[in-house]
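Structure at a glance
The chain contents come next:
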Amino acid sequence: MKALCWRGAGSVACETVPDPRLINPHDAIVKVTLSSVNGADLHLLEGSVPSMKPGDIIGREFIGEIVDRGRDVAKVAVGQRVVVSSVIGCGHCYHCGIGDYSLCDNTNPNEDVGDRHFGFATCGILGSSTAFGGYAGSHAQYVRVPFADLGCVPLSDVLSDQSSLFLSDAFPTGFMAADMCELQPGHVVAIWGAGGVGQMAVQSAFLLGADRVILIDRVPSRLKAASLRSNVEVLNYDEVNVHEALKELTSGRGPDACIDAVGRDGVLSQAVLACRKGGTVSVVGVYTGVLDRFPIGAAMNKGLRFRMGQVHGPRYVSRLMKVIEKGEIDPSFLLTHTLSLREGSEGYKMFKNKSDNCMRVAFDPWLEPTLH
Ligand SMILES: NC(=O)c1ccc[n+]([C@@H]2O[C@H](COP(=O)([O-])OP(=O)(O)OC[C@H]3O[C@@H](n4cnc5c(N)ncnc54)[C@H](O)[C@@H]3O)[C@@H](O)[C@H]2O)c1
Ligand SMILES: [Zn+2]
């Protein structure tokens, strides 16, 4: 089959690789329909995740069709159109039992590598290097999905591929970011990062009852995309002092909740310093390793509450599918470009540089190149 393989820092190539096979009785093989780029892939692509190996297939956010299943798979059948969660839960351990799927005890066979590089290993995550379990990713024609009964959710016929795709990762992640804020009527939420995750956090925060949402980024097309779909207030951090602007917008008190949908230490510090006393800082932007010069004094003395984590995808997929069906949120606007796998390199460049108003590129692995 064709797949997009990592070749070293900043480099990907479309290659012919062996088709995946069923390995365990709970596996399914999914034929990929659309596979989106994701901010998390950028960290992998740049080579800042130490356990990437040349040849690793990247991609974690996708939909497709079940074409084969192991003997223990009961809830999804061959021929079904499904969305697949990027994080892999086993569905049976203590953590899966309480819905904390990204803390699953059983799906990362390389925990020692994760522990060594990041201080602590997550569950397995598709297409995310040896430290995250070494699972091949979704920028490919076929993917092996372990624990398919949990990870694959059949899609409602009324949903288009474009609307369903982001149920795999960006929508549950943005929703979880807002959910962790435990919003109350009257709350003001500030969100750093207007990528796919931040966009979904904006709409989810309104859905969950936020009174006002303030979105911070520097990319005008992304700030505009959010404004077109909600009453969000926007701040361009190239144009204003974010800290001062947030104070001014909240009568000097600071936002009740601050969401980090970027994953850079500077943003996290800003969120801590901006948040109102006793407020919540919700972190879904990804961090690895250690962080220096973190304003722990401000955080402690302000009595802040921290919530964070990799997305507990399967906890949210069915609920959010209903949200899309009801027309409350339609994530399809995140998809700005559809390309072939042979255009992988151009696609990632576009995504990284935000050129041509790119929010997210999805690869259709059955498409021939169009860019050349
Ligand atoms: N927790 C999870 O399970 C999970 C899942 C998916 C993605 N993520 C992470 O969430 C983050 C966002 O993902 P995405 O797909 O939306 O990425 P993205 O790259 O599309 O968007 C990130 C946005 O952050 C903006 N940004 C950069 N520096 C900023 C700053 N100082 N202030 C404000 N905005 C700034 C960029 O301009 C960009 O628009 C990434 O760190 C990604 O790894 C986490
Ligand atoms: Zn588990």
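Okay, so let's go over this structure. (Residues numbered from 1 in each chain as written. Chains lettered and ligands numbered in written order. Predicted model: local features only at pLDDT ≥ 70, side-chain atom pairs only at ≥ 80, totals over all residues. Heavy atoms only, no water.)

If you trace the six strands from one edge of the open sheet to the other, you get S12-S11-S10-S13-S14-S15, paired in parallel fashion. Edge positions in the sheet fall to strand S12 (233-236) and strand S15 (305-308), since each of these pairs with one other strand and no more. When strand polarity is set aside, the average angle formed by the axes of neighbouring strands in this sheet is 20°. (Pairing = 2+ DSSP bridges. Helix = DSSP H or I, 4+ residues; strand = E, 2+ residues; numbered from the N terminus. Axes fitted to C-alpha atoms, helices over the stretch in contact; angles between N-to-C directions.)

Before going further, it helps to examine the packing of aromatic side chains. What characterises a pair of aromatic rings is the spacing of the ring centres plus the angle enclosed by the ring planes. Considering all chains together, one arrives at five aromatic pairs under this definition. Judged by centre distance (5.4 Å) and plane angle (65°), the ring pair of Phe-175 and Tyr-316 falls under edge-to-face. In this pair, Phe-175 sits in helix H6 (residues 170-179) while Tyr-316 sits in helix H12 (residues 313-325), placing the two residues 141 residues apart along the sequence. Take Phe-175 and Tyr-316: they sit in the same class, and that class is buried. Between the NZ or CZ atom of Lys-31 and the centre of the ring of Trp-366, over which it lies, the distance is 4.8 Å. (Phe/Tyr/Trp six-rings, centres within 6.5 Å; stacked < 30°, edge-to-face > 60°. Buried < 20%, exposed > 50% of the residue type's maximum accessible area, 1.4 Å probe, protein only. Lys NZ or Arg CZ within 6 Å of the ring centre and 35° of its normal.)

Any two side chains of opposite charge can pair, on the condition that their charged atoms come close. If you walk through the whole model with that rule in mind, you get 13 salt bridges. Between Arg-7 and Glu-15 there is a salt bridge, and its shortest N-O distance comes to 2.7 Å. Residue classification places Arg-7 among the partly exposed residues on the basis of a relative accessible area of 38%. Through salt bridges with shared partners, a single network forms among Glu-182, Arg-305 and Arg-307. (Salt bridge = Lys/Arg side-chain N within 4 Å of Asp/Glu carboxyl O.)

All right, on to the site of ligand 1 then. Close to ligand 1 lie 30 residues, the nearest being Gly-39, Asp-217, Arg-222, Val-262 and Val-311. At 3.5 Å, a side-chain N or O of Tyr-237 approaches a nitrogen atom of ligand 1. In isolation ligand 1 has 860 Å² of accessible area, and contact with the protein removes 94% of it. Counting residues per element, the ones that place at least two in the shell around ligand 1 are helix H1 (39-46), helix H7 (196-207) and strand S11 (212-217). Ranked by residues supplied to the shell around ligand 1, first place goes to H1 with three residues. Residues belonging to the shell around ligand 1 are distributed by class as follows: 13 nonpolar, 10 polar and seven charged. Shared between two domains, the shell around ligand 1 holds at least three residues of each, these being domain 1 (2-168 + 312-363) and domain 2 (171-308). (Near = heavy atom within 4 Å. Polar contact = N/O pair within 3.5 Å; in protein donor to acceptor, adjacent residues only side chain to side chain. Areas by Shrake-Rupley, 256 points an atom, 1.4 Å probe, with all protein chains shown as cover. Nonpolar A, V, L, I, M, F, W, Y, C, P; charged D, E, K, R; others polar. Domains from an automatic or database assignment.)

For the structure on display, the rule yields zero disulfides. We note that Cys-5 lacks a disulfide partner, and the nearest cysteine sulfur, in Cys-14, lies 7.9 Å from it. Overall, Cys-5 belongs to the buried group, its relative accessible area being 1%. (Disulfide = S-S within 2.5 Å.)

Okay, the nonpolar core next. Ranked by internal contacts, the top residues of the largest apolar core, which has 98 residues, are Cys-152, Ile-191 and Tyr-348. Per-domain counts for this core show at least three residues from each of domain 1 (2-168 + 312-363) and domain 2 (171-308). Apart from residues no more than four positions distant in its own chain, Tyr-348 is found in contact with Leu-4, Val-12, Val-37, Asp-41, Leu-42, Leu-45, Ile-58, His-139 and Phe-363. In terms of nonpolar packing, the next biggest core, distinct from the first, is built from 20 residues, Val-188, Ile-214, Ala-245 and Val-272 among them. (Core = buried A, V, L, I, M, F, W, Y, C linked by side-chain atoms within 4.5 Å. Contact = heavy atoms within 4.5 Å.)

Glancing now at the coordination of the zinc ion (ligand 2). Within the protein, the zinc ion (ligand 2) binds to Cys-90 (SG), Cys-93 (SG), Cys-96 (SG) and Cys-104 (SG); these donor distances fall in the range 2.3 to 2.4 Å. The motif formed by the donor residues of the zinc ion (ligand 2), counted along the single chain, is C-x2-C-x2-C-x7-C. Neither Cys-96 nor Cys-104 differs from the other in exposure class; each is buried. (Donors = N, O, S within 2.8 Å, 3.2 Å for Na, K, Ca; no water.)

This part covers the environment of Gly-8. Along the chain, Gly-8 turns up in strand S1 (residues 2-8). Its relative accessible area of 17% is what places Gly-8 among the buried residues. For the pair formed by Gly-8 and Asp-161, sequence separation is 153 residues and the distance between their alpha carbons is 31 Å.

We now examine the environment of Ala-362. Looking at the secondary structure, you find Ala-362 in strand S17 (residues 360-363). Considered as a pair, Ala-362 and Tyr-142 are 220 residues apart in the sequence and their alpha carbons are 15 Å apart. Setting aside anything within four residues of it in sequence, one finds Ala-362 in contact with Leu-34, Ser-35, Ser-36, Leu-165, Leu-335, His-337, Thr-338 and Leu-339.

A few words now on the packing of H6 against H7. Where H6 contacts H7, the two axes come as close as 7 Å, and the packing angle between them is 50°. On the basis of the axis angle, H6 is oblique to H7. Handedness of the H6/H7 crossing: right-handed. Where H6 approaches H7, its residues Ala-170, Phe-171, Thr-173, Gly-174, Phe-175, Ala-177 and Ala-178 are matched on the opposing element by Gly-196, Val-197, Met-200, Ala-201, Ser-204, Ala-205 and Leu-207. For the contact of H6 with H7, the per-class residue count stands at 10 nonpolar, four polar and no charged. (Parallel < 35°, antiparallel > 145°, perpendicular 65-115°, else oblique. Left-handed = near helix turned anticlockwise from the far one by under 90°.)

Attention shifts here to helix H8 (residues 220-229). Those residues of H8 that sit buried are Arg-222, Leu-223, Ala-225 and Ala-226. Buried residues of H8, seen end-on, are gathered within an arc of 155° and therefore sit on one face of the element. In H8, those exposed residues whose orientation departs by more than 90 degrees from the buried face are Pro-220, Lys-224 and Leu-228. (Arc of directions from axis to C-beta.)

Keep in mind these values describe shape, not function.
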